[in-house]
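Coordinate analysis (summary)
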Amino acid sequence: AAGVIQSPRHLIKEKRETATLKCYPISRHDTVYWYQQGPGQDPQFLISFYEKMQSDKGSIPDRFSAQQFSDYHSELNMSSLELGDSALYFCASHRSRGRPGELFFGEGSRLTVL
Amino acid sequence: SQQGEEDPQALSIQEGENATMNCSYKTSINNLQWYRQNSGRGLVHLILIRSNEREKHSGRLRVTLDTSKKSSSLLITASRAADTASYFCATVLSGGYQKVTFGIGTKLQVIP
């Protein structure tokens, strides 16, 4: 079965530009999470969606927004990019049926801001 | 905020030895999970232990949970070079939350 697909895998942007990351969860998974991981850091929770509604919010900057679409794919939009936004961005999905459990991660999108 | 903290942060052992990593957290949890991450790759789920469980096994992995001490340990027995990776514990709070919060992680190096 296909895993979580993230695109693009690598992205290079200039400061103040905008970037959009996409995530395609595993089929029938109803929950999507976004994490940011800086070099040598732990994954920091940004935001999650359950059945296309935002379910929880973490340390996501106001310059970032995300949504989950009717086909369950999700997009993370990042505007006014800063050097500190350079990181690996992971999407994870989960078939929760209301119960929290294991997450399935994509391979990540590496964003470099110059 | 709820966060698991791993101990030690780095561990280097010889192949065949056992590796033990510990995790502590601060508030009541629904479950605790362990993940492995190879450098620059996505995290891979290893094992989940619920708050009403004390011990769980999966192959060469053994996880314990002590809710009174708010701590968990991951034991990898008979380690292999392929076990070299970073290991993270992650917690889900009790009370119907979905958020999975990761700790700092332990970087394990298994020397052949």
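Summary of the structure given here. Bear in mind that the values here come from a model prediction, so they are computed numbers and not experimental data.

Attention now moves to the interface of chain B and chain A. Taken together, the contact between chain B and chain A spans 22 residues of the former and 23 residues of the latter. Surface buried jointly by chain B and chain A totals about 1800 Å² across both partners, of which 52% is contributed by carbon and sulfur atoms. Taken as a group, Leu43(B), Gln98(B) and Lys99(B) account for 34% of the area that chain B buries against chain A, more than any other trio of residues on that side. Applying the counting criterion to the chain B and chain A interface returns 1 salt bridge. The salt bridge partner of Glu107(A) is Arg41(B), with a shortest N-O separation of 2.7 Å. Viewed at the interface, chain A and chain B are joined by 5 residue pairs in polar contact (both at pLDDT 80 or more). Of all the secondary-structure elements, those providing two or more residues to the side of chain B that touches chain A are β4 (29–37), β5 (43–50), β9 (85–93) and β10 (100–102) of chain B.

Residues and elements named next belong to chain A. Only one face of strand β3 (residues 19–24) is covered, namely the face carrying Ala 19, Leu 21 and Cys 23; the face carrying Thr 20, Lys 22 and Tyr 24 is uncovered. Two elements, strand β1 (residues 5–7) and β3, share 3 bridges in a ladder whose sense is antiparallel. Opposite Ser 7, over in β3, you have Lys 22 as the bridge partner. When β3 meets strand β8 (residues 74–78), the two strands line up antiparallel, connected through 5 bridges.

Thresholds, definitions, all that
- Residues numbered from 1 in each chain as written.
- Chains lettered and ligands numbered in written order.
- Predicted model: local features only at pLDDT ≥ 70, side-chain atom pairs only at ≥ 80, totals over all residues.
- Heavy atoms only, no water.
- Contact = heavy atoms within 4.5 Å.
- Buried area = accessible area lost by both parts, 1.4 Å probe.
- Salt bridge = Lys/Arg side-chain N within 4 Å of Asp/Glu carboxyl O.
- Polar contact = N/O pair within 3.5 Å; in protein donor to acceptor, adjacent residues only side chain to side chain.
- Helix = DSSP H or I, 4+ residues; strand = E, 2+ residues; numbered from the N terminus.
- Buried < 20%, exposed > 50% of the residue type's maximum accessible area, 1.4 Å probe, protein only.
- Pairing = 2+ DSSP bridges.

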